[in-house]
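A look at the structure
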Amino acid sequence: MRESLMGKYVGARVNRVEDKRLLAGAGRYIDDVSVPDMLHAAFLRSPYPHAEIGSIDLTAAQALPGVHLILTGEDLKSRTYPFFGTLNFPRFYQPTFWALAVDRVRHVGDPVAIVVADSRRLAEDACELIEVDYEPLPGIATVEQALDADRAVVWPKSKTNLHYQASERFGDVDAAFAAAERVIVETFDQHRHSNQPMEARGIVAEVDPSSGEMTIHASTQSAHMVKWCIALLTGRRPLRRVVRQMISQRDHTKAIFKGMADYLKATPAMVAALKEMAPVMLKQNVTNVERTKAMNGAFVGLMGRDPKTLPAALAGDVGGAFGAKTAVHREDVAVCAAALELGRSVKWIEDRNEHLTVGSQAREESVDLAVAVRHDGTILGMRARLTIDSGAYPGFPYGGAVIAARLARTMFPGPYRLPALEFHSRIITSNKATYLPYRGPWEIETFVRERMLDVVARQLGLSRAEIRRRNLIGDDELPATMVTGPALDVRMSARRVFEKAMDVTGADDWEKTRAEAFAAGRRIGMGFATYIEAAPGPPGYMDNVGPGFSAMVDREPINAVLEADGTVTLHTQQVTHGQSHETTLAQLAADQLGVPMEVIRISYGNTRTAPFGLVGTAGSRAATFASGAVLLATKGLRDRIVDLAADLLEAAPSDIVVEDGRIHVAGTPSIAVTLADVAHAAREKGDEARGAARGDEAIRVSELFDGGAGGWSGATHVCFVEIDLDTGLVKIPRYVVVEDCGEIINPAVVDGQIRGGVAQGIGAVLYEKSTYDDQGQFQAGTFMDYLIPTAMEIPDIEIHHVETPSDVFANYRGVGEGGAIGAPAALCNAIEDALSDLGVRITEQHLPPARILELAGVIPTLSPSR
Amino acid sequence: MTADRHPLSMTVNGNRIDLVVESRRTLAEILREDLGLTGTHLACEHGVCGACTVALDGKAVRSCLMLALQADGGAIETVESLCDDDGALGPLQQAMADSHSFQCAFCAPGFLMTAHCLLAEDRDIGPTRDEIREELSGNLCRCTGYQSIVDGVERAVTALVEARNA
């Protein structure tokens, strides 16, 4: 049943709690962390895309006064465990590698050595003094090169640069194509570009010199993920010592096994998933022995570790991430290894050149697509082949490319009727930086599908709205099931959202408007894109990525605490990094409890106090998961508060009213008790009233939310452009988003998320590219080469909301990724529309002015399309 | 790499500061590391993103590109100076907060100082929305798409103009 929040905060444009701190310049971002006796690290990085490492001469660098330690890849072999693949899919190769390059560098910026010195300046000076002999190898910079059997392989043990292949058929694909009146074929490319949060990566490994214990200060999307990944990969000791430790802490070892057994007993879905995956896991264990050894070594090392030596992780304010901070990076492990070696704290702050070169790159994908249609525009089926260039080293704890491939395949039908789909995926490895998830990592499905719908419409002589209307799933067809598996519940509003977007923009009259403008010499265009976003998706959605994924991630823990002073603390595993959770979660809690927002504090980012969760803030999940968890826990807390207040006021709990933090009997507001009174009473009363309260806490309620009914967010973007063919400049005079993300907690936060996403999508199309030359040399290492759009380039974005009424519990859905999913397609469609009289077909996503002029035939084509 | 160190005198947020600094160190480093004013952020260190913007004698400058010694004798203002004496947000900061201008807010100090210098300009009427966009185009934000930031500065401008005309 719906928790009907009648309070004053939810739904209102409440000012952000965060701003009191952040706008005062009093935030605590990673570079603001300073701990006593701290040293500073810098990395020596490869200038080559691909090379054998000969000798490394550290003599001069080590002699520099103020240099404390230099570690190379060889040094890490005895001090850390290698990175290894944690996922299990058929026909999937995951390389094993070290935090610093060993024997070979595989992309420009590959870290070769870490230098720790008194200051960052000195550490960088020392890097300059290190002599490395490189023997350059040919680089792999394109998919064609990667698949060329005559070229070098990036990972010799795999014998090929093709690291993942999958082919699936949903529905009767052959029948669909046999029945087709037209088959339309096209290939679409998306270029490598980058998350680029304004705060790059960084870490402070704080080591307590007396105990040797480590606290990791991290700029991350998940504190627990950092803690456990660092625990897994650092603190390596010889196996005999690990085993001796396991024996000496027999009870702890037994408890680990018992814990695993209990977890499996309580999670039948995981048992089923493991059974399903067993043959795949076994095969990988046998065929990729290097990985098996690395994985076993690391996990045995973790079990044979004194639990008192496990690190803690702390995330403070995080200066943006957009997916880039879902991983534990090789530099993180090298910094922690250096700190443990020295027994001293070490700080590393990535600079922009490093971040552009190695810190976060994404999105390099292409799709070959064939669509079977009838003359009237009815889509019968599709055949698609997705290719991803994942760069050299996969991310950890999981490679972003394979997850993106799985999600793109799942989402390929979007909100359209698609009876049959054949989907092939391949992932190649190259001499480029790590491919990481970027805001809507599966966005290629929307770009390709929405681009293709325009192509099909033009080929069939239909309007672009008409082909969508013919195929969009309407309210009368719900609930329905996507051919790839996910359920579409009755709240899936794509058709209504689309129609509203057409209404708001007058899109149906567009042809006339454009013809008049063309006649007047103005080159204008309009494009739209419709998509739905699993934010978080229906129950079990993540099982489409792989068996057991939902069981692993669909659990949102939360602790709601009434403190002794009458304030309320919510401990969450979320790590807000711009999403304003300190505000939105407090709005929900305040309304549920009947207290002013100032009473609520959101506590996050500290593994010592936050409940366990590896996801943190990612995947547009918080709106449903964290909100639902807050509602459950604060409901439980409220019940306890009301019971205690009823005792104090000598009334029945059903007669108790909580308003503005004052608790009274209905009808007699003048006689009231406060939350502090209730806290006092709980502490007097003892365990029964206090729940799981610890220390000074008065009451503690813990809840775990499974996501409930979940659901879909979705939007239609409509983009208007005007193109100047003298300069190739594309102007965006109007940009409209009509969206449905369920009930809105804070409209200003929702609108901000949408606008930010759209801005990144516009940047991707018109400005941003992580450019490599055909040897794999990186060419966009500054903000003068990699262009982030400014306030001059991003227009005001007009937003309209559709809310689908529902009784579903926690009917709040994510909206963080959608803007970036819809914008590239809408903008590219608008550009093609503006060039339609020239017969231009847009099959690529990066369209800077020079490319516009090439496509329009104003200048000869010099650059290849990618 | 041997330190050539020179005396540096400047005022920072109204306080007289005397230091001896290595000549290669930037103004941003001195503010953050030596004076503990970590509100000034470093995001690109090559003068493009504007996160490090501070006011030098009332003009917006990039403290990442400026050697600390170049500020000798100058008056520096940083984001920390915008708060009221009691530590509450000042009018410009409040206008930005009221407009939900920022998300991760890593870029906020730079935008605030750019806007602070813009608002300090002695002009009869405030800048238009288009002029505000142009003035802010030297600062990068990755979260917001800028609209809310422009809204915030416009709100601050409106309040200022109203106050001047009152």
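What you see is a predicted model, and the numbers here were worked out from it, not measured in a lab. (Residues numbered from 1 in each chain as written. Chains lettered and ligands numbered in written order. Predicted model: local features only at pLDDT ≥ 70, side-chain atom pairs only at ≥ 80, totals over all residues. Heavy atoms only, no water.)

**Considering the overall build of chain A**
As a reminder, the rule being used: The helix and strand labels rest on DSSP assignments: H or I over at least four residues marks a helix, E over at least two residues marks a strand, and numbering proceeds from the N terminus. The atom set for the radius of gyration is the C-alpha atoms, and the globule formula is 2.2 Å times the number of residues raised to the power 0.38. Here the term buried applies to any residue with accessible area under 20% of the maximum for its type, exposed to any over 50%, and partly exposed to those in between, with areas from a 1.4 Å probe on protein chains only. Residue contacts are defined here by distance: any two heavy atoms, one from each residue, within 4.5 Å place the two residues in contact. The protein chains shown are the only cover counted for residues, whose accessible areas, like all others here, come from Shrake-Rupley with a 1.4 Å probe.
A tally of regular secondary structure across chain A gives 26 helices and 28 strands. Computed over the C-alpha atoms, the radius of gyration of chain A is 28 Å, within 12% of the 29 Å expected from 2.2 N^0.38 for a compact globule of 866 residues. Taking the principal axes of the C-alpha coordinates as reference, chain A spans close to 80 × 80 × 55 Å. By residue count, 64% of the 866 residues in chain A fall in the buried class. Sequence separation of at least 24 residues holds for 80% of the intrachain contacts in chain A that already meet a minimum separation of 6. Within the structure as shown, chain A displays about 30800 Å² of accessible surface, and the carbon and sulfur contribution to it stands at 54%.

**Some thoughts on the domain arrangement of chain B**
Residue and element names in this part refer to chain B. Under the convention used in this document: Domain ranges listed in this record stem from an automatic or a database domain assignment. By buried area we mean the combined loss of accessible area, with a 1.4 Å probe, across both parts when two parts are placed together. One side-chain nitrogen of Lys or Arg within 4 Å of one carboxyl oxygen of Asp or Glu is enough to make a salt bridge. Each polar contact in these results corresponds to two N or O atoms within 3.5 Å; when the atoms are within protein, one needs to be able to donate a hydrogen and the other to accept it, and residues that are neighboring in sequence are counted only if both atoms are side-chain atoms. Polar here means any residue other than Ala, Val, Leu, Ile, Met, Phe, Trp, Tyr, Cys and Pro, which are nonpolar, and Asp, Glu, Lys and Arg, which are charged; Gly is therefore polar.
When the domains of chain B are assigned, the result is domain 1 (5–81) and domain 2 (84–165). Centre-to-centre separation of domain 1 and domain 2, based on C-alpha positions: 21 Å. Across the boundary between the two partners, domain 1 contributes 18 residues, which contact 13 residues of domain 2. Regarding the contact of domain 1 and domain 2, the summed buried area is about 1100 Å², with carbon and sulfur atoms giving 62% of it. Scanning the region where domain 1 abuts domain 2 turns up zero salt bridges. Linking domain 1 with domain 2 are five residue pairs in polar contact (both at pLDDT 80 or more). Elements supplying a minimum of two residues to the side of domain 1 that touches domain 2: β3 (53–56) and β4 (59–62). For the side of domain 1 that touches domain 2, the residue count by class is nine nonpolar, six polar and three charged.

**Considerations on the sheet that holds strand β6 (residues 131–136) of chain A**
All names here are of chain A. Using the following cut-off: When DSSP finds at least two bridges between two strands, those strands are taken to pair.
Here three strands make up an open sheet; going across it, the order is β4-β2-β6 and the pairing antiparallel. Lying at the two open borders of the sheet, with one neighbouring strand each, are β4 (104–105) and β6. Alignment of strand β2 (residues 51–57) against β4, held across two bridges, turns out to be antiparallel. For Glu52, the partnering residue across the bridge sits in β4 and is Arg104.

**Observations regarding a negative patch on the surface**
All names here are of chain A. Applicable threshold: Think of a patch as exposed residues, more than 30% relative accessible area, with no salt bridge, where like charges cluster within 9 Å and nonpolar side chains (Val, Leu, Ile, Met, Phe, Trp, Tyr) cluster within 5 Å. Charged-residue counts in this description rest on Lys and Arg as positive and Asp and Glu as negative, His and the chain ends being excluded. By convention, the charge on Lys lies at NZ, on Arg at CZ, on Asp at CG and on Glu at CD.
On the surface, Asp57, Glu131, Asp133 and Glu135 cluster together into a negatively charged patch. Take the negative patch: its biggest share by element is three residues, from β6. Relative to the helices and strands, Asp57 is located in strand β2.

**What to know about the nonpolar core**
Here is the rule we go by: Residue types Ala, Val, Leu, Ile, Met, Phe, Trp, Tyr and Cys, when buried and joined through side-chain atoms within 4.5 Å, form a set referred to as a nonpolar core.
Counting residues in each nonpolar core, the largest one holds 173 residues, and the members touching the most others are Val721, Tyr735, Leu827 and Ile831 of chain A. The residues touching Val721 of chain A, leaving out its near neighbours within four places in the chain, are Arg523, Ile524, Gly525, Val730, Lys731, Ile732, Pro733, Leu827, Ala830, Ile831 and Ala834 of chain A.

**Notes on the pattern of salt bridges**
Working definition: two side chains of opposite charge can pair if their charged atoms are close together. All names here are of chain A. In this structure the tally under the stated criterion is 79 salt bridges over all chains. The closest approach of N and O atoms between Arg169 and Asp174, which form a salt bridge, is 2.9 Å. The partly exposed category is assigned to Arg169, whose relative accessible area is 46%. Taking the relative accessible area as the measure of exposure, Asp174 reaches 44% and is therefore partly exposed. For Asp368, the salt bridge identified is with Arg385, shortest N-O distance 3.0 Å. Within this pair, whereas Asp368 is found in strand β13 (residues 365–373), its partner Arg385 is found in strand β14 (residues 379–389), the two being separated by 17 residues in sequence. Under the relative-accessibility criterion, Asp368 is labelled partly exposed at 25%. What makes Arg385 partly exposed here is its relative accessible area of 33%. A cluster of three or more residues bridged by salt bridges with shared partners is formed by Glu445, Arg449, Glu450, Arg451, Asp454, Arg458, Arg464, Arg468, Glu511, Arg514, Glu832 and Asp833.

**A short note on the interface of chain A and chain B**
At the junction of the two partners, chain A supplies 55 residues and chain B supplies 48 residues. Counting each side, the surface lost to burial between chain A and chain B is near 4200 Å², with a carbon and sulfur contribution of 56%. By the criterion of area lost to chain B, the three top residues of chain A are Leu23, Arg121 and Met198 of chain A, representing 20% of everything that side buries. Where chain A packs against chain B, one counts eight salt bridges. The closest approach of N and O atoms between Glu33 of chain B and Arg121 of chain A, which form a salt bridge, is 3.5 Å. Across the chain A-chain B interface, the total number found is 27 residue pairs in polar contact (both at pLDDT 80 or more). Elements that contribute at least two residues to the side of chain A that touches chain B include exactly α1 (19–22), α4 (120–129) and α24 (747–766) of chain A. When residues of the side of chain A that touches chain B are assigned to their parent elements, the largest contribution, eight residues, is made by α24 of chain A. Residue composition of the side of chain A that touches chain B, grouped by class: 25 nonpolar, 16 polar and 14 charged.

**Focus on the domain arrangement of chain A**
Residues and elements named next belong to chain A. The assigned domain composition of chain A is domain 1 (19–27 + 555–705), domain 2 (33–137 + 198–320 + 325–359) and domain 3 (365–541 + 709–855). Placing the centre of domain 1 and that of domain 2 at their C-alpha centroids yields a distance of 37 Å. Of the residues lining the interface, 20 residues belong to domain 1; the matching set on domain 2 comes to 18 residues. Summing the contributions of domain 1 and of domain 2, the shared interface buries around 1400 Å²; its carbon and sulfur component is 54%. Scanning the region where domain 1 abuts domain 2 turns up one salt bridge. Seen at the junction of domain 1 and domain 2, the total is eight residue pairs in polar contact (both at pLDDT 80 or more).

**Some points on the sheet that holds strand β25 (residues 699–705) of chain A**
All names here are of chain A. Which entries qualify depends on this criterion: In this analysis an axis means a line fitted to C-alpha atoms, helices contributing only their contacting stretch, and an angle means the value between N-to-C directions, from 0 to 180 degrees.
One open sheet holds the four strands; their spatial order is β21-β20-β19-β25, and the pairing between them is mixed. Looking at the sheet topology across the chains shown, the edges are occupied by β21 (600–603) and β25. Ignoring which end each strand starts from, the neighbouring axes of this sheet average 20° apart. The strands that helix α20 (residues 581–593) touches are β20 (568–572) and β21; relative to β21, the one it contacts most, it runs at about 135°.

**Section: unusual backbone geometry**
Residues and elements named next belong to chain A. Between Leu478 and Pro479 the backbone carries a cis peptide bond, its omega angle lying at 0°. Along the polypeptide, Pro479 turns up in the loop between α16 (464–471) and β16 (480–481). Here the residue pair Ala535 and Pro536 is connected by a cis peptide bond, since its omega of 15° sits within 30 degrees of zero. Tracing the backbone through its elements, the reader meets Pro536 in strand β18 (residues 524–537). The residue Arg363 is not glycine, and still its phi comes out positive at about 75°. Inspection of the secondary structure assignment puts Arg363 in the loop between α13 (352–359) and β13. In this model, Asp660 sits at a positive phi of 50°, which is unusual for a non-glycine residue. Structurally, Asp660 can be placed in the loop between β22 (656–659) and β23 (662–665). Residue classification places Asp660 among the exposed positions, given a relative accessible area of 51%.

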